[in-house]
Amino acid sequence: MDHNNILAVVLAGGKSKRFGKDKSQVKLGNKILIDYVLTEIIDFYNDILIVTNEPIKFLNSNKISIINDFKKGLGPLGGVLSAMKWVKDNKKNYKWISTFPIDTPFFKKEHLSKFYKEINLDESNLFFMKSKNTRHNIFGLWSVELFEKLELALDRGDRKVELWANEIGVKTIDFEDENNKDPFFNINTEEELEIAKKLLKNDKL
């Protein structure tokens, strides 16, 4: 797969309601949460786009740009469409958008390599990662050709990634457990942050 055809998009526009404050800026170990995923993916791409609605801090790199959702309140699907609009408005040549969340500190570049290696682009315009019988809808590869379908879906009120993906057709790439640590462990609450701190500490022992 030609990574030059892929724009990386970090979806940071969520309200973090369950956490009570912007998760992307929460400190875990020696980094804020958003920088964990940025550190892992930055060498894969020419451009990384962060979609957010608030001023945030993040890893300093010339590769990284930041935009707002074109319209607030549309959820992750709105963030994806915002990125596609950015591609079109800036006359970029990207054919695919690879999306990432900001709250999964144990996701590694090796998982991304496996994802791309096992994808057959002729099978679908949309691919998601999957583990433990759970589909991870924010870890996705989206064809820019989905732009019009996604725009129409949002106009009619669609907000659920799960339902929209099922409707248009999606392929999944399965991941097995590795060393009993879930690379898709995500932090939604203070309690889960404490779990992540313990897991991170065990890594360093």
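The present account deals with the structure reproduced in this document. (Residues numbered from 1 in each chain as written. Predicted model: local features only at pLDDT ≥ 70, side-chain atom pairs only at ≥ 80, totals over all residues. Heavy atoms only, no water.)

### Regarding the environment of I48
Argument step 1. Summarising the element assignment, I48 is placed in strand β4 (residues 48–51).
Argument step 2. Separated by 14 residues in the primary sequence, I48 and N62 place their C-alpha atoms 9.3 Å from one another.
Argument step 3. Sequence-distant contacts of I48, defined by excluding residues within four places in its chain, comprise A8, V10, L38, I41, I42, K63, I64 and S65. (Helix = DSSP H or I, 4+ residues; strand = E, 2+ residues; numbered from the N terminus. Contact = heavy atoms within 4.5 Å.)

### Some points on the environment of L59
Argument step 1. Structurally, L59 can be placed in the loop between β4 and β5 (64–67).
Argument step 2. Sequence separation between L59 and D35 is 24 residues, and the spatial gap between their C-alpha atoms is 5.8 Å.
Argument step 3. Discounting chain neighbours no more than four positions away, the residues touching L59 are D35, L38, T39, I42 and I64.

### Quick notes on the nonpolar core
Argument step 1. Core analysis: the biggest nonpolar cluster contains 31 residues, and V10, Y45, F100, L112 and F115 have the highest contact counts within it.
Argument step 2. What L112 contacts, discounting residues up to four positions off in sequence, is I41, F44, Y45, F100, F107 and M129.
Argument step 3. In this structure, L74, F128, L146 and A153 belong to the second largest nonpolar core, which totals 28 residues. (Core = buried A, V, L, I, M, F, W, Y, C linked by side-chain atoms within 4.5 Å. Buried < 20%, exposed > 50% of the residue type's maximum accessible area, 1.4 Å probe, protein only.)

### A short note on the pairing of strand β1 (residues 6–11)
The side chains of a regular strand alternate, first on one face of the sheet and then on the other.
Argument step 1. Where burial is concerned, most of β1 is hidden: six out of the six residues are buried.
Argument step 2. Where burial is concerned, the two faces of β1 agree: the one with I6, A8 and V10 and the one with L7, V9 and L11 are both buried.
Argument step 3. Examined bridge by bridge, β1 and strand β6 (residues 96–100) share five bridges and lie parallel to one another. Paired with I6 across the two strands is W96, which belongs to β6.
Argument step 4. Taken together, the four bridges between β1 and β4 define a ladder with parallel strand orientation. When the sheet's bridge partners are listed, A8 is paired in β4 with I48. (Pairing = 2+ DSSP bridges.)

### Thoughts on the sheet that holds β6
Argument step 1. One open sheet holds the seven strands; their spatial order is β5-β4-β1-β6-β8-β7-β9, and the pairing between them is mixed. Two strands in the sheet have a free side with no partner beyond their single neighbour: β5 and β9 (171–175). Within the sheet, the average angular offset between the axes of one strand and its neighbour, ignoring direction, is 25°.
Argument step 2. Against the sheet, helix α1 (residues 33–41) contacts β1, β4, β5 and β6, and its axis sits at roughly 170° relative to β1.
Argument step 3. Contacting β1, β6, β7 (126–131), β8 (134–143) and β9, helix α3 (residues 109–118) crosses the sheet at an angle of about 135° to β9. (Axes fitted to C-alpha atoms, helices over the stretch in contact; angles between N-to-C directions.)

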